[in-house]
Structures are given as structure tokens and as C-alpha cells.
Amino acid sequence: MFNVLECVIYDHDLRLVLIAALVCILGNICLFVVLNRSTFCVETRRRHWLVVAALAQGVGVWATHFVAMLAYRGAMPIRFDIALTLLSVAIAVGFFWASFRWLGKAPTTARCAVAAAGASIGVAAMHFTGMASIIAPARVTYDLVPILVSLLLSWLCFWGAFVAFARSAGWQRIALPAALAVLAIVVLHFTAMSATTLVPDPTRGDALGGAASRDWLVPAIVLANLALVALALTGSLIDRWLTDAHGLAEATLEALAITHDGHIVEVNHQLGDLLGVSSGAILGSAPGDWFVRLDGSPFAVPEGASVEARLRGAADEDQIFEIGTRTIEYRGRSCQVLAIRDLSDRKRAQRAIEHLASHDALTDLANRSQFTLTLDDAIAAGTPFALLALDLDRFKAVNDIFGHAAGDEVLRRVADLLRAAVRGDDIVARVGGDEFLIIQRAVTAPDDARRLATRILEDFAEEMDVARDPMAVGVSIGVALFPADGADAKTLQRNADTALYRAKNNGRGVAAFFDQEMDELARERRALEHDLRHAIGRDELRIVFQPLVATAFGSIVGYEALLRWDHPERGEVPPDDFIPIAEEIGAIVQIGEWVLRRACMTAATWPDTISVAVNVSTIQFQVPNLPTLVRDALQESGLDPHRLELEITETAFLRNRQGALRALHAIRDMGVRVAMDDFGTGYSSLSNLKAFPFDKIKIDKSFVSSIDNDEAARSIVRAIIGLGRSFNMPIVAEGVETAAQRQMLLDEGCPQAQGYYFGHPAADPYADDAPPRGARADG
Ligand code: C2E
Ligand code: MG
Ligand code: MG
């Protein structure tokens, strides 16, 4: 040790030693900065950086050694063999390179030891090759033991340096290893120098002024080395900046491209994934090579704003990208970053929502709002078209009998059928439960619309055969033409509806065209509806009573209350004409209530043995307060509940069967009787008779009227009477007009009857001014 210090202090130019030390320190700082950088790079670039590190360190160590050698104040002039000098540099670089490669990215202590051995042997080999390059009139001899010790010390220092590098972080990762590596080099160099003896030998070398060569060599070497260090450090910093910027670009979810002069100069891998090509294939191309605008026009990089684009030649309509730009400075040039965001999923979702908003969820046909828009557009365009209004026949029955799931299935079948019947640019919409509208475009003559209507009717006849399929439905069609039958949407739709109404009245399953006469009828009906709404208020309604008699004796057991409407202009309107309208417009609820209260009031004035029958519409069952209304009417009038009888028809069970049954039971629990009216005309379902204990069944007058000349009618009447007997429900025959009919019913065992034979409907039979009651019991 003492020898080494002595050697440094007394045998060296201390200024040059200082310079050598500085070169060494700087070189090692540079080494670990570069090594540090290399650990953050991908494998290929890491290897490049290892070469740089080996080069910087090799040259740096050599420069340290060389300057330190020049600092050695030997007594004799020396020169250097260029080839050996270069070899010594190469040896240093080579050993360092191998040792750094061996070190790897995250080295273990053992790996560090091996790498350190490589490094120290490299430095030693460089040192002694460098010594061998000296050309001087002397012989160089070495003291082997200190040299081996120095090698060992140097190895330990390098080992420490590499371990410190592997284990530390931050600035310590540079400072600590650098300090230890400097120590490793210094120890080796100066120990080796102190163990070196130059024995003068005039036979060797040639005489040359050594001082002269020192003057330019030191600055040259130092400057060259500094330049190398500076280069490596700057490179590492730039690489860090670039790599990090690149890393950031890779970290985003968006695809990015940087363009300069219209050409793509940088991309992230997301863009490669999106385009399905490697990044290399994109570099150098123009954005327009990959994207087109939504309308198919060439894509140009938008200024500031963002545009929507799709892939050039892509088949998927919904694959849409949003491309936004920003100008940035990249690698010292003004460039544009394109951020490409895949909107496909969002677009698809948006489209689905739009579709849902404008389409019927069940049939996927256009809904009413979508249809209204289309109709307005068609009218605005001014080209002739036909508007077809369609309504399904029997649909309500199918829905009620087979359930809603079956009803839905029928609607889907109908939708498919209509879709198949129209042309591509026609519009089919479902605008209500079983109502459909069609816009048939480019209709030049009514015949065009007639053909479509006929086609639809034929398709229905073929696909929906009631004989084969109990769930089959029919269709009625009303047609209005634009502009002939209406120049605005409202008129046109109203007229198509009018035509539809006519089609339904014409026996359903047909198509009807709107015409002026029809318009008159529709106008008339609307007027009737209007008048009907005000009939109660205007006191135009009254009740007549028709006797119900015991068939055997002809004695009156009660009266049926029948409604009459005295229209100020039309005169008496029969209930069969206005009750269906009242039901359609809902006025029947108010009218029915009025009849019930009035009938109870009137009957309350009658003898206790005489009852009153009141007809209740099916629609009245849809209002939940029917039992309450009955109770009110009874309380108000003071009529004994046993004297009231309600007549309902089977249709009351079609809609909301459970609700109807609940209401009927509640009414019956009050003591009010319930009769099944018009039996034999509707579904005549035994299940209805089983579901509720009716107090009587009224056979429809159509059977009674033909009982004396039609054996079939007589059989039906007989069957119904038998049925009533087995259900324990008395049978009432309606519409008895002749003595013969009465006799026959008597023979069949029908206990009660009603009809003109016994008496016409007339005003209150017990009023003071009433004519004599007309029931008869002859025959
Ligand atoms: P409905 O309940 O079956 O009433 C019997 C109908 O047969 C009455 O017709 C009556 O005048 C008629 N009629 C009675 N005897 C004979 C006869 O011997 N021969 C013939 N050809 N007909 C006879 P109207 O009064 O025209 O009533 C018709 C229908 O209107 C009623 O049939 C009933 O369903 C309905 N209706 C009448 N008033 C009301 C009411 O206040 N409310 C409800 N919801 N419906 C009513
Ligand atoms: Mg009746
Ligand atoms: Mg009847």
C-alpha cells in the first residue's frame, strides 16, 4: 500500500493523475447512466446500449490508463506502439461488452461476480497490453504478488459496483456503482504501476523526447473521451425522452398516428391492430390510404375538429371511427397527431336505441311516431302514394281465447306477411294493437293500390285459414290515395280509416277504397257519436218495458228495461244502431248507469212481485265499480235486490274473465239475479255456464223465430232447455211472436218467455197514464 501511494505521489505528475481520475469518474458515471437506460429498453435496443456502454467504458478506462501512464515521471523517454495501443483499447471494450451482456437485466449476486471478474480481467489485460505498447530503452519487469492482489481488489470493487447497480434505485444506482468502479480501476492501475519496474536497457527502443508527445496527447485523449461520454449521455437522455413519449403513445387506448407532410411518421401498436397490419406497413403511407369519409369521399386530415370515417373498403356499415387531430412538435418538426377512436360499438348501440324508439318491439315494424314522420315526408315530397289502413278480424277473440303469447305470435306472423307483400321502399307500421298502416309509394293509378290490397288479402287467405288454424285471423283494408283523397296527413288518415270502417261493415276480409259517399257516411257517424255523447244531458233517452211472462199461465213476472233514443232529427234510433257506437266511444258506461238507476227507480213503484231486468254491456265490466253502482242504484231507489235482474252476454267473459266473475259474484251476493242473454249466438261456451251460477238463460230470439218451421232450430232450443235443466238454470225464450211458438216452448218445457205475443216494449206499465198491460195467457 505504501508502495502504491509512494508511486503515485513521487513518480507521477499529480496534475495529470487528477485529469486521469476525472476522466475515470466521468467515464464511469456515463457507464452506469447508459447501463441504467439499457434496462428500460426492449431487448434489441438494450443490446445496442450495451455496445455503447462497453465502448464508452472501454475507451474511458483506456484513456484513464493512458493519461495516468503519461503522468508517470520515468527517467527515460517513451513512445507507444500504435497497434498494441489500439489492441489494448479493443481488449477493454471487448471484455466490458462481454461482462455487461453476461450481467443481464436483473443480475443475481453470482452473475455480478462473474461479470466483475470479466471487467477486472479486461482492465488488467488492457493495462498490460498498454504497458507492452511502450517503446522505451528499458525492460519492464513486474512484481507478480501485488499485481494479483490488485486484480483481486479490483474484482471485489467491480463486484460491489455491479451488485450496488442491481440493488439500488434513483441517483444511488449511478453514484454508488460509479464510485466503486472508479476504485476498481484506480486500484488496479496504480498497484500494477507500483509493481512495475523499468530496468534501463539501451539495446531497446530509440531515443525520443517523451515530453513533446505528452503535450498534445493528453488534451487529445481527454477531449476525445469527453466527446464520447457526452455523446453517450445525450443519446441516453434523448432515447429516454423518445422511449417515454412512445411508451405514452402505447399506453393510450386510442390508436394514434403522427403525420408530417401528409405522411404517417409514427404510429402506436393500437393503430396496427385496428388496421390489421404491422406498424411498418403503415409508416410512410397517408391517412387517406386507410380511411374514407362516411359518404365515401376521400379522407383528408381535419383541421382541429374531428371527423367520422370508416375503413376504406370495409363491408361493415357500423364500423365507424372518430378521427381528431392536434398539431404538435415532434422530433423538432411540426406534426399532426391523429387520434383514432373506434365508435363502432357506440354507433351500434345508438342505432339500436334509435331503432327501438322508431320501431315496434314485437313486430319490428315502424311504430306510430316513425310512421307519422314518414307520412309527413311523403306528403312533402308530393309524389302520389296510397295509404292503406288495416285492421285484423277476430284478433281480439284469438287474444282472449288463446292468451297474449299466442296473440303476439299472430301479430308477428301478420307482420311477416305484410313485409313480404310490399316493395322495399314501402313502409309498414303497426300503430295499435291490431292496426297496421302501409304507405305504398309510386302509386300512379288506384289499380296499383288495389293490386297490393288484393295480394295482402290473398296472402291472408292462404296463410291464415280459419278452417285449419283456430288462431288464424283475417284482415280488412281501407285505402286512401294521395293527393286525391286528402292533401294532408290528418285528412288522408281519417279517410283511410273511413274506408276501413266500410270494409269491416261490408263483411270484413275485404278492401274498400275511400270515396265521397263514404265520407258522408263517416261524417254522419261522427255526428251521431257527437249527439250520443249529449243524449243524456239533452234528456233524449227513455226506457220502455217489455213483459216477461210465465209461459204456462201468461202471468207477468217482470219487465225487461229496453233503452230508446229519441233523436231530435232522426226520430227514434233503435238500440241495435246506437248501443254499439256508445260502446265504441265509451259512452255506454254513463248511459248504462243512467238506465240502471232509472229502471230501479221505476220498478220500486211497482208491485213487490214484479221484477225488472236491466241489460249490462260488456264494456261496463271493464269499469271496476259496477257492483258499487248496483248497490247505489238499489239504495237510492229502495228496490229489493231480489227484484233486480241483470242481463249480460257471453262477451263479458272474453276480456278480463276473472274481473268479470268477481264483479258478478259481488252483485249476486247482494241478492241481485244474473241472467245470460242472447244464448246461442255467441260462443255458447259451456265453460261460461259452469263458471258462474246464472239464475236464468235467455235463448236468443233468432232460434225462437224459426222454431215452428225449422227442425234444427227446434233441436237447438230443446238442447238449450235440456242444458239449462242440467245446470239447474231456468230457460227464458225471447222473441215469442205467435201462439204456436208459445205452445211449442211450453211443450219443450220452457218456463218463461218474452216477445211481442205477450207484449211490446212500452212505457212504464204501472204509471198512472199507462195503457192496460198486454200480457196474455191464451192457447
Ligand atoms: P235484448 O236484450 O235481447 O232485448 C230483446 C230485444 O228483442 C229488444 O230489442 C226487444 O224489443 C226485441 N224483441 C222483444 N220481443 C220481440 C219479438 O217478439 N220479436 C222481435 N223481432 N223482437 C222482439 P230492442 O229493444 O231493439 O233492443 C235490442 C238490444 O239492444 C237488446 O237486446 C239489448 O241487447 C240492447 N239493449 C237495449 N237496451 C239496452 C240497455 O239499456 N243497455 C244495454 N247495454 N243494451 C241494451
Ligand atoms: Mg236483454
Ligand atoms: Mg236478448
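Since the structure is predicted, the reported quantities are computational estimates derived from the model, not experimental observations.

Conventions adopted
- Residues numbered from 1 in each chain as written.
- Chains lettered and ligands numbered in written order.
- Predicted model: local features only at pLDDT ≥ 70, side-chain atom pairs only at ≥ 80, totals over all residues.
- Heavy atoms only, no water.
- Helix = DSSP H or I, 4+ residues; strand = E, 2+ residues; numbered from the N terminus.
- Rg over C-alpha atoms; globule rule 2.2 N^0.38 Å.
- Buried < 20%, exposed > 50% of the residue type's maximum accessible area, 1.4 Å probe, protein only.
- Expected span 1.5 Å × (residues − 1).
- Contact = heavy atoms within 4.5 Å.
- Donors = N, O, S within 2.8 Å, 3.2 Å for Na, K, Ca; no water.
- Pairing = 2+ DSSP bridges.
- Axes fitted to C-alpha atoms, helices over the stretch in contact; angles between N-to-C directions.
- Phe/Tyr/Trp six-rings, centres within 6.5 Å; stacked < 30°, edge-to-face > 60°.
- Lys NZ or Arg CZ within 6 Å of the ring centre and 35° of its normal.

## Structural notes on the overall build of the protein
Here is step 1 of the chain: Within the protein, the regular secondary structure consists of 25 helices and 24 strands.
Here is step 2 of the chain: Relative to the compact-globule value of 28 Å for 779 residues, the protein shows a C-alpha radius of gyration of 55 Å, a clear excess of over 25%.
Here is step 3 of the chain: Overall, the C-alpha framework of the protein stretches about 175 × 60 × 45 Å when taken along its three principal axes.
Here is step 4 of the chain: Burial status across the protein gives 47% buried among its 779 residues.

## Some details on helix α14 (residues 404-421)
Here is step 1 of the chain: Here α14 contains 18 residues, and its C-alpha end-to-end distance of 25 Å stays within 8% of the 26 Å for a straight helix at 1.5 Å per residue.
Here is step 2 of the chain: Among the residues of α14, those classed as buried are Ala406, Gly407, Val410, Leu411, Val414, Ala415, Leu417, Leu418 and Ala421.
Here is step 3 of the chain: Check the buried side of α14 and you find it contacts β11 (385-393), α13 (395-402), β12 (427-430), β13 (435-441) and α15 (446-463).

## As for the coordination of the magnesium ion (ligand 3)
Here is step 1 of the chain: Within the protein, Asp677 (OD), Asp678 (OD), Glu734 (OE) and Glu734 (OE) serve as the donor atoms for the magnesium ion (ligand 3), at 2.0 to 2.6 Å.
Here is step 2 of the chain: Look at where the donors of the magnesium ion (ligand 3) fall in the sequence and you get D-D-x55-E.
Here is step 3 of the chain: Here the magnesium ion (ligand 3) and the magnesium ion (ligand 2) are spaced 4.1 Å apart, and both take Asp677 as a donor.

## Structural notes on the pairing of strand β5 (residues 255-260)
Here is step 1 of the chain: By the criterion of burial, β5 is predominantly enclosed, with six of the six residues buried.
Here is step 2 of the chain: By the bridge criterion, five bridges tie β5 to strand β10 (residues 333-342) in an arrangement that is antiparallel. Of the residues in β10, the one forming a bridge with Ala255 is Ile340.
Here is step 3 of the chain: Pairing geometry for β5 and strand β6 (residues 263-267), over four bridges, is antiparallel. Across the sheet, the residue bridging to Ala257 is Val267, located in β6.
Here is step 4 of the chain: Taking the residues between adjacent antiparallel strands as the criterion, β5 and β6 are bridged by two residues, where Asp261 takes a positive phi near 55°.

## As for the sheet that holds β12
Here is step 1 of the chain: Strand order across the open sheet formed by five strands is β12-β13-β11-β14-β15, with mixed pairing between neighbours. Two strands bound the open sheet, and with one partner strand each, they are β12 and β15 (511-513). Neighbour-to-neighbour, the strand axes of this sheet turn through a mean angle of 20°, independent of strand direction.
Here is step 2 of the chain: Inspection of the sheet shows β11 paired to strand β14 (residues 474-482) by nine bridges, in the antiparallel sense. Along β14, the bridge assignment pairs Leu390 with Ile477.
Here is step 3 of the chain: Where α14 meets the sheet, its contacts fall on β11, β12 and β13, and the angle it forms with β13 comes to roughly 10°.

## Here's the deal with the coordination of the magnesium ion (ligand 2)
Here is step 1 of the chain: Distances from the magnesium ion (ligand 2) to its protein donors, namely Glu560 (OE), Asn615 (OD1), Glu647 (OE) and Asp677 (OD), fall within the range 2.0 to 2.2 Å.
Here is step 2 of the chain: Mapping the donors of the magnesium ion (ligand 2) onto the primary sequence yields the spacing E-x54-N-x31-E-x29-D.

## Considerations on the packing of aromatic side chains
Here is step 1 of the chain: All told, the structure shown has 19 aromatic pairs when counted by the stated rule.
Here is step 2 of the chain: A ring pair is formed by Phe128 and Tyr142, whose centres lie 5.0 Å apart and whose planes are at 90°; its orientation type is edge-to-face. Taken as a pair, Phe128 in helix α5 (residues 109-132) and Tyr142 in strand β3 (residues 138-142) lie far apart in primary sequence, 14 residues in all.
Here is step 3 of the chain: Judged by its relative accessible area of 24%, Phe128 falls in the partly exposed class.
Here is step 4 of the chain: A connected cluster of aromatic rings, assembled from ring pairs, spans Phe96, Phe100, Phe158 and Phe162.
Here is step 5 of the chain: Positioned above the aromatic ring of Trp102 is the side chain of Arg111, whose terminal nitrogen or guanidinium carbon lies 4.0 Å from the ring centre.
Here is step 6 of the chain: When the ring centre of Phe653 is taken as reference, the NZ or CZ atom of Arg657 above it lies at 5.4 Å.

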